[in-house]
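# Coordinate inspection notes
Read off the chains here:
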Amino acid sequence: MLASLLGDPGGELHSALKTGASLAEGVDEDDEDLRADWTPALRHPHQSAAPPQRGLDNLATLVSLYGSGEVFVGEFRGVLSERLLASTSPWTHAPSAELQQVELLKIRFGDDFLSACEVMLKDVQDSRRANSSILPQLQPPQGTLDEREEEACAVTMSILSEHYWPPLPSPHGPFTLPRLLQRPLEQYTQAYGRLKAPRTLQPLLHRGSVLLELRFQRGGARRLRCSTLQASVLALFDEDEGE
């Protein structure tokens, strides 16, 4: 529900975030009877005489459904995580829409509640810088690798700060990457350790994606992007991978 309401930049809830009034925590936690004519308390008393805005009413009602601003922001953090990680390709541009939403929510709920979301957005920028620095180090001298190995060296990562992102559990058990992908992944991890020591990387293989070119015995080829698990399964049909 929250994702759909925040997803429309022209929607009432998004417009409410742009208004100048700041919400209090919503309804009193002891008040179990939420009346239909209830209006949110404002932190600025001089604004109390202003007629209630429909979008602001919707926002306050939504906060009251979650019980508190902290729970609401926690739910938003999950929505933000899904949006930032939805792309199958690594981060290549700044998430301007998400950044705007976080800044607007900071006006409503304060900086402390949104600190984790700010770290998540900062991870986008830091990942782009890290990829720009590390990727050239992974490129071997020309002519030392075959075409497949050269393409496999183009590894980039979306680097997430531990403890700030919502849990990202794997929907399946552990699996082994094909050798062609495992080596550049290890090289990237080592290069990051040298660049950001004492920080280290723990790859989340189930969140990765791979751009493959499938070549068929009867001729023809097809390029597709798939998950790392799917790429590992397809590698079982690659004669060059072997057992």
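See the structure shown above.
Residues numbered from 1 in each chain as written. Predicted model: local features only at pLDDT ≥ 70, side-chain atom pairs only at ≥ 80, totals over all residues. Heavy atoms only, no water.

### Some details on the overall build of the chain
The number of helices and strands found in the chain is nine helices and two strands. Looking at the chain residue by residue over its 243 residues, the buried ones come to 33%. Taking the intrachain contacts of the chain between residues at least 6 apart in sequence as the baseline, contacts between residues at least 24 apart amount to 64%. For the chain, the accessible area works out to roughly 15300 Å², and carbon and sulfur atoms hold 51% of it. (Helix = DSSP H or I, 4+ residues; strand = E, 2+ residues; numbered from the N terminus. Buried < 20%, exposed > 50% of the residue type's maximum accessible area, 1.4 Å probe, protein only. Contact = heavy atoms within 4.5 Å. Areas by Shrake-Rupley, 256 points an atom, 1.4 Å probe, with all protein chains shown as cover.)

### Quick word on the packing of helix α6 (residues 115-138) against helix α8 (residues 179-196)
Each pair of packed helices can be summarised by the angle the axes make with each other and by the distance between the axes. Running from N to C, α6 and α8 cross one another at 125°; their axes reach a closest spacing of 10 Å. Taken together, the axes of α6 and α8 are oblique relative to one another. In the crossing of α6 with α8, the sense of the turn from one axis to the other is right-handed. Each of Ala 130, Asn 131, Ser 133, Ile 134, Gln 137 and Leu 138 in α6 lies in contact with α8, whose residues at this interface are Pro 184, Gln 187, Tyr 188, Ala 191, Tyr 192, Arg 194 and Leu 195. Looking at the contact of α6 with α8, its residues break down into eight nonpolar, four polar and one charged. (Axes fitted to C-alpha atoms, helices over the stretch in contact; angles between N-to-C directions. Parallel < 35°, antiparallel > 145°, perpendicular 65-115°, else oblique. Left-handed = near helix turned anticlockwise from the far one by under 90°. Nonpolar A, V, L, I, M, F, W, Y, C, P; charged D, E, K, R; others polar.)

### Examining the pairing of strand β1 (residues 209-215)
Pairing of β1 with strand β2 (residues 221-227) involves seven bridges; the strand directions are antiparallel. Pairing of Leu 212 across the sheet is with Leu 224, part of β2. Where β1 folds back on β2, the antiparallel hairpin that results is connected by five residues, among which Gly 219 adopts a positive phi of roughly 100°. (Pairing = 2+ DSSP bridges.)

### Points about the pattern of salt bridges
Considering all chains together, one arrives at six salt bridges under this definition. For Arg 215, the salt bridge is made with Glu 213, and the minimal N-O distance between the two is 2.8 Å. Using a relative accessible area of 56% as the deciding quantity, one classes Arg 215 as exposed. Here Glu 213 falls in the partly exposed class, since its relative accessible area comes to 32%. In the salt-bridge network here, residues are joined through shared partners; they are Glu 103, Lys 106 and Glu 118. (Salt bridge = Lys/Arg side-chain N within 4 Å of Asp/Glu carboxyl O.)

### Side note on the environment of Arg 215
With respect to the helices and strands, Arg 215 occurs in strand β1. The spatial distance from the C-alpha of Arg 215 to the C-alpha of Asp 238 is 9.8 Å, given a sequence separation of 23 residues. In this structure the side chain of Arg 215 is engaged in a polar contact, spanning 2.8 Å, whose partner is the side chain of Glu 213. (Polar contact = N/O pair within 3.5 Å; in protein donor to acceptor, adjacent residues only side chain to side chain.)

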